[in-house]
Amino acid sequence: MKVLFARKPLLTRAALAARAASTSDRKPILRHVKLTADAASNTLTVSATDLEVGASIWCDSGCVETGGSVCVPATQFLKILKNLADEDVILQTDAKGTTLRVIGAATEVEIPTENALDFPDCPQFTQESSHTCRTDLLADVIGRTCWAAAKESTKFALTGTMLELNGSIQAITTDNKRLAVEMLGCKKVGEPPDANLL
């Protein structure tokens, strides 16, 4: 894998995805983020999961020279991206895929990697069957319910808003003391299954 990407957008997306990475040692691969470079679409996908919550975020502000997948420790990868002063960053694996080199104009850092095949897949969504609504209305509904979310909690689910999709979108937020619920009408495309998203 060899890619060239702008550092700031990559850091922003990696930080968002890394929030879903596990903080426990029960399964060490879950403390990693998976980087998947696709030369055909010229995108880099950053994925993380703790098997309860997952995130896959696409970054298209760069150039993919060679595709591939690799897993790197989330905290170490983020620290390196934060400390680089360069505008652009090259991510390149060695021939065996055991090391990821993060290369800036004046800096080069190597990170040990794990096999991407050991990383659990995050569910992929398609537009063939989905619930659709206007993004400004969805943001408004989340904004009207987020006041009830816990500011600090060891329970990840209490710091976010659950979206219940079942023909309409219901936003539910609680910190175990307060409860906020809002409904939003949506359009179904195809036959999407009912789902709960956090």
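The coordinates are above.
For clarity, every value in this text was computed on a predicted model and none was experimentally measured.

A. Inspection of the overall build of the chain at higher detail. For the chain, the count of helices and strands is three helices and 15 strands. Overall, the C-alpha framework of the chain stretches about 50 × 35 × 30 Å when taken along its three principal axes. Residue burial in the chain is summarised as follows: out of 198 residues, 41% are buried. Contacts in the chain between residues at least 24 apart in sequence constitute 64% of all its contacts with a sequence separation of at least 6. Roughly 11500 Å² of accessible area belongs to the chain as shown, and the carbon and sulfur atoms make up 52% of that amount. When the 21 positive and 24 negative side-chain charges of the chain are each reduced to one mean point, those points stand 5 Å apart.

B. Representation of the pattern of salt bridges. This model, assessed by the stated rule, comprises eight salt bridges. Across the salt bridge formed by Glu182 and Arg144, the nearest N and O atoms sit 3.0 Å from each other. Of this pair, Glu182 sits in strand 13 (residues 179-185) while Arg144 sits in helix 3 (residues 135-145), and the two are 38 residues apart along the sequence. One network of salt bridges, with partners in common, ties together Asp140, Arg144 and Glu182.

C. Fine view of unusual backbone geometry. Its identity is not glycine, yet Asn42 carries a phi of approximately 60°, on the positive side. With respect to the helices and strands, the residue Asn42 is situated in the loop between strand 2 (32-38) and strand 3 (43-49). Relative accessible area serves as the criterion here: at 27%, Asn42 is assigned to the partly exposed category. Although it is not a glycine, Leu51 sits at a positive phi angle of roughly 75°. Structurally, the position occupied by Leu51 is in the loop between strand 3 and strand 4 (54-59).

D. Region of the structure containing the pairing of strand 8 (residues 99-103). Burial runs high along strand 8: four of the five residues are buried. Connecting strand 7 (residues 88-93) to the antiparallel partner strand 8 that follows it, the hairpin turn spans five residues, and Gly97 within it adopts a positive phi of roughly 75°. Of the strand pairs in this sheet, strand 8 and strand 9 (residues 108-112) are connected by five bridges, and their pairing is antiparallel. Directly across from Ile103, in strand 9, lies its bridge partner Glu108. The turn joining strand 8 and strand 9, which pair antiparallel and follow one another in sequence, is formed by four residues.

E. How the structure looks around the sheet that holds strand 8. With antiparallel pairing, the five strands of this open sheet are ordered in space as 5-1-7-8-9. The open sheet terminates on both sides in strands that have one partner only, identified here as strand 5 (62-66) and strand 9. In this sheet, neighbouring strand axes are inclined to one another by 15° on average, regardless of whether the strands run parallel or antiparallel. Bridge count for strand 1 (residues 2-6) against strand 5 is four bridges, and the pairing is antiparallel. Within strand 5, the residue paired with Val3 across the bridge is Val64. Where helix 1 (residues 7-18) meets the sheet, it contacts strand 1 and strand 7, and its direction lies at approximately 100° from that of strand 1.

Conventions used here
- Residues numbered from 1 in each chain as written.
- Predicted model: local features only at pLDDT ≥ 70, side-chain atom pairs only at ≥ 80, totals over all residues.
- Heavy atoms only, no water.
- Helix = DSSP H or I, 4+ residues; strand = E, 2+ residues; numbered from the N terminus.
- Buried < 20%, exposed > 50% of the residue type's maximum accessible area, 1.4 Å probe, protein only.
- Contact = heavy atoms within 4.5 Å.
- Areas by Shrake-Rupley, 256 points an atom, 1.4 Å probe, with all protein chains shown as cover.
- Lys, Arg positive; Asp, Glu negative; His and termini not counted.
- Charge placed at Lys NZ, Arg CZ, Asp CG, Glu CD.
- Salt bridge = Lys/Arg side-chain N within 4 Å of Asp/Glu carboxyl O.
- Pairing = 2+ DSSP bridges.
- Axes fitted to C-alpha atoms, helices over the stretch in contact; angles between N-to-C directions.

Just geometry here; none of it tells us what the structure is for.
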